[in-house]
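# Chains, contacts and geometry: an overview
Residue strings, one per chain:
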Amino acid sequence: MAYFGWLDGDDSQRDAMLEVIKLFEDSSTVDELGIGSVRDTFSNAFFPGTSTLHTRARYLLFVAWLVNDVARHRWPTERAQAELRSRETKLIHALLAGGEDQGVIGRDAKGTLKTMPSGLYWASLEHLGVRHWRTSMGGYFRNAVQHRRITDDPDADLEGPDSLGMTALPPAPAALLDATSFDLDRTEAEYLRIRIAESTRGTALAWLAVNHPQSEATWLWEHEALGDFPAQLRDLVDHARRVHLTATGPAILYNVMMAELIGHDEHRETYAELLDQWAQRLDDEAVLRDWDRSRFWQVIRQHNPRIRPSTQRFLEEWWRLAGKGQHASEEARSLVTVRELNLKRGRARLTYPEARSTWGVGAGTGALDFRWSIARGHLNDIAAGLEA
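Notes on the structure follow. (Residues numbered from 1 in each chain as written. Predicted model: local features only at pLDDT ≥ 70, side-chain atom pairs only at ≥ 80, totals over all residues. Heavy atoms only, no water.)

## Overview of the overall build of the protein chain
From N to C terminus, the protein chain includes 15 helices and zero strands. Counting all 388 residues of the protein chain, 50% fall into the buried class. Nonlocal contacts in the protein chain, meaning residues at least 24 apart in sequence, comprise 72% of its contacts between residues at least 6 apart. Accessible surface for the protein chain amounts to roughly 18900 Å². Of this, 48% is attributable to carbon and sulfur atoms. (Helix = DSSP H or I, 4+ residues; strand = E, 2+ residues; numbered from the N terminus. Buried < 20%, exposed > 50% of the residue type's maximum accessible area, 1.4 Å probe, protein only. Contact = heavy atoms within 4.5 Å. Areas by Shrake-Rupley, 256 points an atom, 1.4 Å probe, with all protein chains shown as cover.)

Shown next, in the form of structure tokens:
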């Protein structure tokens, strides 16, 4: 059995680790060959402040309301966190009582839920400009206690006691913890739209929140208003589309090779067929044709200078082979084998038979959507609220 751990340094690190844990729950999104840095660069460039752990936009307000409701009592931190957990458990029941079934975090676990919505949305509250106290949850409650001491000073220039470390929130519904829903009213929707527009300016999320929040597009590059996107954003979307179509090829070949090594004919045939379909689609859509990849790497490094040169070399070599129709060649197989070995060392399944028992069938073959499905859900919630 494998274990991993991390030091909870700050909210962004905690959020990132929760993302990793979530990804391990779905083998189709596991990053077997180390292209996650490219995927995440697009995700963060398009939709900062979102997470694959998110479900509905109104949680941004639920969490802010509940945290401030607890913080205004100025309880010691340990009690404040217990009180918050109690309120979040009531929120689960209130959403179910309000008729919500999909998207309720903790719908089944209820009071035994390990990570409450506050843990999933805390970092986003800061990213999206809802929270301006840049601190942990415990630090927030400690700040609230300190805030009371400061307000004893009549000359202090402070915000109202109900705002605490949040921007001025829309009023919370009186029956919030009795029965509620994910539906935003117009004031709440407008509040979130303004917060997103101001805090993520220049991103797809901000542009869409202001200009075209409603969408049924499956992928961002199929968005109904794509032609109206600013040129720089449209260029980034085109790069993302090409990565979406090309970068899962190595993972499909990886699954073919693993099935061969294990001797599972059904899986081998399934992924060999999928690899053929993948290659055919590249040809049909001319994905690699006229793609300025020097420009691609220049653009993506502007968003994330930490992408490793080895990742760039691996993808470039894969795209070169794919462009020549050699995606299943011995050279391609060697490329995938060496890449896994360099990443995992003694845990590389293609090289070490004893590591193969941990293979998850289909690992890494999920299509990359760069968190569009999450962002679309939030934007559609806002669009519906604006029309309420």
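## Here we look at helix α4 (residues 77-97)
The first and last C-alpha atoms of α4 sit 30 Å apart over 21 residues, in line with the 30 Å expected at 1.5 Å per residue. Those residues of α4 not exposed but buried are T77, A80, E83, L84, R87, E88, T89, L91, I92, A94 and L95. Phi turns positive one or two residues past the end of α4, at G99, with a value near 95°. (Expected span 1.5 Å × (residues − 1).)

## As for the side chain of T41
Considering the arrangement of structural elements, one finds T41 in helix α2 (residues 36-46). If sequence neighbours within four positions are ignored, T41 has contacts with I300, H303, N304 and I307.

## Points about the packing of helix α3 (residues 59-71) against helix α7 (residues 186-199)
Across the interface, α3 lies against α7 with an axial gap of 11 Å and an inter-helix angle of 95°. Of the possible angle classes, the one that applies to α3 and α7 is roughly perpendicular. Residues L60, L61 and W65 of α3 form the contact with α7, whose own contacting residues are E188, Y191 and L192. Across the contact of α3 with α7, the residue classes tally to five nonpolar, no polar and one charged. (Axes fitted to C-alpha atoms, helices over the stretch in contact; angles between N-to-C directions. Parallel < 35°, antiparallel > 145°, perpendicular 65-115°, else oblique. Nonpolar A, V, L, I, M, F, W, Y, C, P; charged D, E, K, R; others polar.)

## Observations regarding the nonpolar core
Counting 105 residues, the largest nonpolar core has F42, F46 and V243 as its most contacted members. Sorting elements by how many residues they give to this core places α3 first, with eleven residues. If we ignore the near neighbours within four places in the chain, the residues touching F46 are T203, A204, L205, L220, L233, L236, V237, A240 and F370. (Core = buried A, V, L, I, M, F, W, Y, C linked by side-chain atoms within 4.5 Å.)

## Looking at the side chain of T50
Inspection of the secondary structure puts T50 in the loop between α2 and α3. Accessibility expressed as a relative area gives 7% for T50, which makes it buried. Separated by 2.6 Å, the side chain of T50 and the backbone oxygen of F47 make a polar contact. Here the side chain of T50 touches R371 through a polar contact of 3.1 Å, side chain to side chain. (Polar contact = N/O pair within 3.5 Å; in protein donor to acceptor, adjacent residues only side chain to side chain.)

## Focus: the pattern of salt bridges
Scanning the model with the defined rule gives 26 salt bridges in all. Linking K344 and E32 is a salt bridge whose minimum nitrogen-to-oxygen distance equals 2.3 Å. Pair noted here: K344 is in helix α14 (residues 330-344) and E32 is in the loop between α1 (11-24) and α2, with a separation of 312 residues, a long-range link. Through salt bridges with shared partners, a single network forms among D69, R72, R79, E83 and R87. (Salt bridge = Lys/Arg side-chain N within 4 Å of Asp/Glu carboxyl O.)

## Some remarks on the environment of R134
Within the secondary structure layout, R134 lies in the loop between α5 (117-127) and α6 (137-150). Assessed through its relative accessible area of 71%, R134 is described here as exposed. Looking at R134, its side chain comes within polar contact range of the side chain of E126, at 2.9 Å.

Remember that the coordinates give geometry; whether it matters functionally is a separate question.
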